[in-house]
Amino acid sequence: DTAVSQTPKYLVTQMGNDKSIKCEQNLGHDTMYWYKQDSKKFLKIMFSYNNKELIINETVPNRFSPKSPDKAHLNLHINSLELGDSAVYFCASSQSGTGGNTQYFGPGTRLTVL
Amino acid sequence: DAKTTQPPSMDCAEGRAANLPCNHSTISGNEYVYWYRQIHSQGPQYIIHGLKNNETNEMASLIITEDRKSSTLILPHATLRDTAVYYCIVRVANQAGTALIFGKGTTLSVSS
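Just so we're clear, the structure is a prediction, and the values are computed from it rather than from any experiment.

About the thresholds
- Residues numbered from 1 in each chain as written.
- Chains lettered and ligands numbered in written order.
- Predicted model: local features only at pLDDT ≥ 70, side-chain atom pairs only at ≥ 80, totals over all residues.
- Heavy atoms only, no water.
- Helix = DSSP H or I, 4+ residues; strand = E, 2+ residues; numbered from the N terminus.
- Buried < 20%, exposed > 50% of the residue type's maximum accessible area, 1.4 Å probe, protein only.
- Contact = heavy atoms within 4.5 Å.
- Areas by Shrake-Rupley, 256 points an atom, 1.4 Å probe, with all protein chains shown as cover.
- Lys, Arg positive; Asp, Glu negative; His and termini not counted.
- Charge placed at Lys NZ, Arg CZ, Asp CG, Glu CD.
- Pairing = 2+ DSSP bridges.
- Axes fitted to C-alpha atoms, helices over the stretch in contact; angles between N-to-C directions.

S.K.: How should I be thinking about the overall build of chain B in this particular structure?
M.R.: Of regular secondary structure, chain B possesses zero helices and nine strands. Secondary structure of chain B in N-to-C order comes out as β-β-β-β-β-β-β-β-β. In chain B, which comprises 112 residues, the share counted as buried stands at 47%. Look at the contacts in chain B between residues 6 or more apart in sequence, and 56% of them connect residues 24 or more apart. When the accessible area of chain B is evaluated, it comes to approximately 5,600 Å², of which 47% is carbon and sulfur surface. Averaged over its 9 positive side-chain charges, chain B has a centre that lies 4 Å from the centre of its 9 negative ones.

S.K.: When you look at the sheet that holds strand 8 (residues 73–78) of chain A in this model, what are you seeing that I'm missing?
M.R.: Strands pair in a sheet through their backbones, by hydrogen bonds, and they do so in one of two ways: parallel or antiparallel. All names here are of chain A. The strand order 1-3-8-7 describes an open sheet built from four strands, whose pairing is antiparallel. The open sheet has two free edges, formed respectively by strand 1 (4–7) and strand 7 (64–70), since each of these has just one partner strand. Each neighbouring strand pair of the sheet contributes to a mean axis angle of 20 degrees, computed without reference to strand direction. With four bridges joining them, strand 3 (residues 19–25) and strand 8 adopt antiparallel strand pairing. Of the residues in strand 8, the one forming a bridge with Ile-21 is Leu-76.

S.K.: Even after reading the chapter, I still don't get the environment of B:Arg68, so can you show me in this structure?
M.R.: All names here are of chain B. For Arg-68, the location among the structural elements is in the loop between strand 6 (61–64) and strand 7 (70–75). With 17 residues separating them in the primary sequence, Arg-68 and Leu-51 have C-alpha atoms 8.3 Å apart. Dropping the residues within four chain positions of it, Arg-68 is found in contact with His-24, Ile-27, Ser-28, Gly-29, Glu-31, Tyr-32, Leu-51 and Lys-52.

See the structure below:
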């Protein structure tokens, strides 16, 4: 069973379009994250949610809007896509608590904006 | 910015131990040392973490110096499948939602 899953795995779209990436975890965790890995391979946090509440919102354009319908899902909606949004997006989850908070990552969604 | 320093690359022969160093001289008392790896653009994979004591699991061992300013990840018998970018990260473990701050990591190449 996949612990953290993302759909789609690949997404190719035109500039200006709106798209969504879905993330689901079946680990029973209470915290979920979105990270972005650009062409230079740097991994950076975008958002984190704990019990459906926004904890981290890095300096990400407001075209990016995370939505957490429940603790097991954190979807990423992107409006008016730009060339610079092309990257691999990783979802992760963790369980808050002492000594842990280890994050487990999904397989990634490779977004290509043409 | 990442609070750790790692060599950009290392080589290891298959079957030998791979020892990956990490410097974290500004680590705080409540920060853990985490190790992740990323194999060819797959999602980062958790390996191990520790606070003060040395730790061992089925994947690796983590040796933390007494002053906690550096650590070493040990893969006891490296295989070709261990070729990956290895990230050493320090972070507070008990705050919900805190991010992992990834640096450039060490690219480990295991060859036969």
